[in-house]
Amino acid sequence: MSPAAEAPSSEPSPAERYAAARTQRGTPKLQSFRDKLPFDLDAYQLEACRSLESGKSVLVAAPTGAGKTIVAEFAVFLALAEPRAKVFYTTPIKALSNQKFSELAAEHGASSVGLLTGDSNINSSARVVVMTTEVLRNMLYADSPLLKDLAYVVMDEVHYLADRFRGAVWEEVIIHLPQEVRMVSLSATVSNAEEFGDWLQAVRGDTDVVVSEDRPVPLEQHVLVRSKLLDLFETSSQVRGDGTDFARVNPEVTRLTNGADRGGGSYRHPNIGRPQHKGGKRDAARTQSRGSVVGDSHFGDKMSRAELVRLLRSRNLLPAIFFVFSRVGCDAAVEQIARSDVRLTEAWERDEIRAFVEERCRSIPDTDLGVLGYFGWLDGLERGIAAHHAGMLPIFKEVVEELFQRKLLKVVFATETLALGVNMPARTVVIEKLEKFNGEARVPITPGEYTQLTGRAGRRGIDVEGHAVIQWTGGVDPRAVASLASRRSYPLVSSFRPTYNMAVNLVHQFGRSRTREILESSFAQFQADRAVVDLARRVRKQDESLVGYAEAMTCHLGDFQAYSSLRRELSDLERKNARAEGRGPGQLESRSDREKRQRQIADLRKRMKQHPCHACAEREAHARWAERWWRLKRETDAMRSQISGRTGAVAVVFDRVTEVLTELGYLTGEGDALEVTAPGRALMRIYGDRDLLVSECLRRGIWDELDAPGLAALAVSLVYEPRRETGDANERGWPRGAFRAAFEATTAVWEDLSALEAEHRLPEGSAPSAGLALATQKWAQGAALDAVLKDAELAAGDFVRWMKQAVDLLDQLSIVADGPLGRKARTAIDSIRRGIVAYSGVS
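As the structure is a computational prediction, the values presented were derived from the model and not from experiment.

Comments concerning the overall build of the protein chain
Right, on to step 1. In terms of regular secondary structure, the protein chain is built from 33 helices and 21 strands.
Right, on to step 2. Relative to all contacts within the protein chain whose residues are 6 or more apart in sequence, the contacts with residues 24 or more apart total 77%.
Right, on to step 3. For the protein chain, the exposed surface amounts to about 39100 Å²; the carbon and sulfur share of it is 49%.

Description of the sheet that holds strand β8 (residues 207-211)
Right, on to step 1. The strand order β4-β3-β5-β2-β6-β7-β1-β8 describes an open sheet built from 8 strands, whose pairing is mixed. Each having just a single partner strand, β4 (121-122) and β8 make up the two edges of the open sheet.
Right, on to step 2. Relative to strand β7 (residues 182-187), strand β6 (residues 150-155) runs parallel, the two being bridged by 4 bridges. Looking at the pairing, methionine 155 lines up with serine 185 of β7.
Right, on to step 3. Helix-sheet contacts for helix α4 (residues 43-53) involve β1 (57-61), β6, β7 and β8, and the interaxial angle to β8 is about 175 degrees.

Points about the packing of helix α30 (residues 773-780) against helix α31 (residues 785-792)
Right, on to step 1. Relative to each other, α30 and α31 sit at 170 degrees, their axes nearing to 8 Å. When the axis of α30 is compared with that of α31, the two are roughly antiparallel. For the pair α30 and α31, the sense of crossing is left-handed. Facing α30, whose interface residues are Ala775, Lys778 and Trp779, α31 presents Leu785, Val788, Asp791 and Ala792.
Right, on to step 2. For the contact of α30 with α31, a count of residues per class yields 5 nonpolar, no polar and 2 charged.

Brief notes about the sheet that holds strand β16 (residues 428-431)
Right, on to step 1. If you walk across this open sheet you meet the 7 strands as β10-β9-β19-β16-β13-β15-β14, and the pairing is mixed. Each having just a single partner strand, β10 (228-231) and β14 (385-388) make up the two edges of the open sheet. Geometrically, the sheet is characterised by an average inter-axis angle of 25 degrees between neighbouring strands, direction not taken into account.
Right, on to step 2. In this sheet, strand β15 (residues 411-414) lies alongside strand β13 (residues 320-323) in parallel orientation, the contact comprising 4 bridges. Across the sheet, residue isoleucine 321 finds its bridge partner in β15, namely valine 412.
Right, on to step 3. Most of the contacts of helix α12 (residues 305-314) go to β13, to which it runs at about 150 degrees, and overall it touches β9 (219-225), β10, β13, β15, β16 and β19 (466-471).

Side note on the confidence of the model for the protein chain
Right, on to step 1. Chain-level pLDDT for the protein chain is 82 on average; 84% of the residues reach the 70-or-more range.
Right, on to step 2. Under a pLDDT of 50 for its full length, residues 1-9 has, in the predicted model, 1 contact with residues more than four places off or in other chains.
Right, on to step 3. Note on residues 261-300: pLDDT is under 50 here. Beyond four places in sequence and across chains, it has 100 contacts.

Notes on a positive patch on the surface
Right, on to step 1. Taken together, the side chains of Arg624, Arg628, Arg631 and Arg634 make up a positively charged region of the molecular surface.
Right, on to step 2. Judged by its relative accessible area of 37%, arginine 628 is partly exposed.

Side note on helix α3 (residues 28-36)
Right, on to step 1. Listed as buried for α3 are Leu30, Phe33 and Arg34. Along the long axis of α3, the arc covered by the buried residues comes to 100 degrees, so they all point the same way. In α3, the exposed positions angled more than 90 degrees off the buried face are occupied by Asp35 and Lys36.
Right, on to step 2. Contacts made by the buried residues of α3 are with α4 and α5 (69-80).

Quick look at helix α16 (residues 374-383)
Right, on to step 1. When you tally the buried positions in α16, you get 7 out of 10 residues, the bulk of the element.
Right, on to step 2. When we look at burial in α16, the residues that qualify are Tyr374, Trp377, Leu378, Gly380, Leu381, Glu382 and Arg383.
Right, on to step 3. At its buried positions, α16 is contacted by α13 (327-339), α14 (347-360), α15 (366-371), β14 and α17 (394-405).
Right, on to step 4. Glycine 384 sits one or two residues past α16 and shows a positive phi near 95 degrees.

Overview of the packing of aromatic side chains
Right, on to step 1. Tallying each qualifying case throughout the model produces 21 aromatic pairs.
Right, on to step 2. Taken together, a centroid distance of 4.8 Å and an interplanar angle of 45 degrees make the contact between phenylalanine 322 and phenylalanine 413 tilted. Of this pair, phenylalanine 322 sits in strand β13 while phenylalanine 413 sits in strand β15, and the two are 91 residues apart along the sequence.
Right, on to step 3. Geometrically, the ring pair formed by tyrosine 374 and tryptophan 377 is tilted, given 6.0 Å between the ring centres and 55 degrees between the ring planes. Here the residue tyrosine 374 and the residue tryptophan 377 both occupy positions in helix α16, the gap between them amounting to 3 residues, near one helical turn.
Right, on to step 4. Using a relative accessible area of 6% as the deciding quantity, one classes tyrosine 374 as buried.
Right, on to step 5. For tryptophan 377, a relative accessible area of 13% corresponds to the buried category.
Right, on to step 6. The positively charged end of arginine 628 is found above the aromatic ring belonging to tryptophan 625, 4.4 Å away from the centroid.
Right, on to step 7. The ring of tryptophan 802 has arginine 801 lying over it, and the distance from NZ or CZ to the ring centre is 5.1 Å.

Let's talk about the side chain of threonine 117
Right, on to step 1. As for its position among the elements, threonine 117 is in the loop between β3 (113-116) and β4.
Right, on to step 2. The class of threonine 117 is buried, set by a relative accessible area of 9%.
Right, on to step 3. Residues in contact with threonine 117, not counting those within four places in the same chain, are Lys94, Ser97, Thr132 and Val135.

As for the pattern of salt bridges
Right, on to step 1. Taken as a whole and judged by the stated rule, the model has 31 salt bridges.
Right, on to step 2. Close ionic contact of aspartate 791 with lysine 778 constitutes a salt bridge, the shortest N to O distance being 2.6 Å. A residue pair is termed long-range when its members are at least 10 positions apart, and aspartate 791 in helix α31 and lysine 778 in helix α30 qualify at 13 residues.
Right, on to step 3. Residue classification places aspartate 791 among the partly exposed positions, given a relative accessible area of 34%.
Right, on to step 4. Residue classification places lysine 778 among the partly exposed positions, given a relative accessible area of 30%.
Right, on to step 5. If you follow the salt bridges from partner to partner, you end up with Arg327, Asp798 and Arg801 in one network.

Some words on the pairing of β9
Right, on to step 1. Within β9, 7 of the 7 residues are buried, leaving the element largely enclosed by the surrounding structure.
Right, on to step 2. Here 6 bridges tie β9 to β19, and the two strands are oriented parallel to one another. Bridging from a neighbouring strand, leucine 219 pairs with glycine 466 of β19.
Right, on to step 3. Looking at chain direction, β9 and β10 are connected through 4 bridges and run antiparallel. For valine 223, the partnering residue across the bridge sits in β10 and is leucine 230.

What counts as what
Residues numbered from 1 in each chain as written. Predicted model: local features only at pLDDT ≥ 70, side-chain atom pairs only at ≥ 80, totals over all residues. Heavy atoms only, no water. Helix = DSSP H or I, 4+ residues; strand = E, 2+ residues; numbered from the N terminus. Contact = heavy atoms within 4.5 Å. Areas by Shrake-Rupley, 256 points an atom, 1.4 Å probe, with all protein chains shown as cover. Pairing = 2+ DSSP bridges. Axes fitted to C-alpha atoms, helices over the stretch in contact; angles between N-to-C directions. Parallel < 35°, antiparallel > 145°, perpendicular 65-115°, else oblique. Left-handed = near helix turned anticlockwise from the far one by under 90°. Nonpolar A, V, L, I, M, F, W, Y, C, P; charged D, E, K, R; others polar. pLDDT = per-residue confidence, 0-100. Patch = residues over 30% accessible without salt bridge, like charges linked within 9 Å, V, L, I, M, F, W, Y side chains within 5 Å. Salt bridge = Lys/Arg side-chain N within 4 Å of Asp/Glu carboxyl O. Lys, Arg positive; Asp, Glu negative; His and termini not counted. Charge placed at Lys NZ, Arg CZ, Asp CG, Glu CD. Buried < 20%, exposed > 50% of the residue type's maximum accessible area, 1.4 Å probe, protein only. Arc of directions from axis to C-beta. Phe/Tyr/Trp six-rings, centres within 6.5 Å; stacked < 30°, edge-to-face > 60°. Lys NZ or Arg CZ within 6 Å of the ring centre and 35° of its normal.

Here it is in structure tokens:
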């Protein structure tokens, strides 16, 4: 058949035109929304929007950059089309909230859009309010009046539910939102979207699941082997036996890496197998990369970053994001490029960059600019290069994001935090290493992480395709790389667990019995129950096999199961005896133990020979079936143990939490008749990992003698988590005055609570850390930025982050604490929310 004959007609048939017109009549609001857009919607976007207009909630799972947020924008459109309806747009991080607030305010007007984060409270009664997920959770527990007329909630990056530190908040919101509120859940492509959708259907009612696996911009994947840029996969499509396509690793990549690899690396992904990457024909003119040699450097020399940037520029593959997985590495990369005198911008671009940066940073005093490395940072920006990581001042990160979006920056060296939601698509993504430090060890990146990182490659409406470049290092197996690149999704696993604050809030609102039912509706229990169903199915199947095995080992002379039990016991003892005889001189057992075991062996041999089945002519045949029976029974018993542990697992943890709260006097009563006491009502308004510790210290008056700077130092000691390599400050680095006694008393309370939690089989948290206390006290007393950062031994961005978390805690204390302590908390907030802590981003 000719190509012309194969190509589908661009003209819809009369039947298709009739169906489209009928659909449009059924969704008039969607048609009005589409009429306003400068582009048409994809099929999956239309499907999700139709579900919303029909009154359903919707879960949309699609790759990064596929345009999921258009569905959220339609929810905003629907809300604003009604007289009083409101929509809350939740995000996992403040940077995303700030970005979305700016976008929605530009679209709908500043008067219609608000922002609520730990730092900002802007127009909170607006029809459209952007907030972090924790803020909405707190509003639900407090029954905030702002919830009135709420019609829609958008949960952006809902796959963050799997985060082990904060993921439970997403489940709390989903469970506790009023049933009439429709939800728009936006997720990356996860392998169990249908399972998650089934849970949403169970707890929220009518919910449609819309999944799109298609990237809007195709991804071309390459490997940089020394000085050669090669396609990762063969261009020709291969066909599997089941008729589906997959692409094979480019043989040249395999040949060159095998020939050049002399060790020095160890990347072997645990899921190496046949790649399931869907291959297709590629235009060789797209990249012109196969087999082309770049430069004259020897094959054994790794291409420098400057050389790689020049290569990408020559191939028209900029702008690019380099993922480095290290803050220090990001900053060092910018310096390295600058030293190489690489300049990626034109004169007019440099002028525009300088004007933009000076305008955004004009509120920062010159003395602080010098401390923050502003002038070196600006030089990099003017060259078209920058770093992006959590150690940067928030306003510096926002400047980088905005300049990149305006196509003025050409290369950004970033940590993986950039892959989470922030709108910075590039033409090319470069991954320098396929492993990263997870806080404890260097581990391979997962297929899900690879998907998130490469999701930044390819700008919709700008690029024909995106490009992912993996820098090959010694020891990396091309098949492992192909496995990463071929698996485009990962499972969403709940991290939900009951907390003390959650327990008192739920008991106060619903009582103990109803609370247990609510917790059993969590996604965590839903997944556990599904696993139990699968395990129970396997147990039933294996029970049938056990019956068959028992029949096969039946002996006409006697009970062969009892006989086989004697054989197994004898075999175990004989193995133990052989091990004992093979021990060295320093490992000899006592004579009495050896003689005892010999007597047991002799007794078992005697009993075995006396058993009727010992004389059976088919004894060994029966014994083989008996061995299978014992092995399968051991597996089946282990499964039953798993079922027992998973059934009601979340409610069991809740029961342990309530036992601790009852013992400490936050709850009173027995059984289902639990009530929240006065201390419990205070705990209801304390959020965070140390909710119970904070509440106990307030009850005991441990912080009453602190002044405002000392209270700020104590607050930061409860939120600060030192990096492993820095450790904690010794006592000589603590603030003077009342802080020492207050901190020691706080640590003693933490030790008491940890012991109580261990007694009730609850996990123990980390101890408070005074590592940032002295720097915080000095900052609260008005010390200069350079002196404080020197004491803190922190990057400016890290210092700002910890200060803002301390402000969050102090804000809670200002509400919960009575009298002087509450006033000191408000004074402490004002004393640390100054300078770089105050002038960052939207806040």
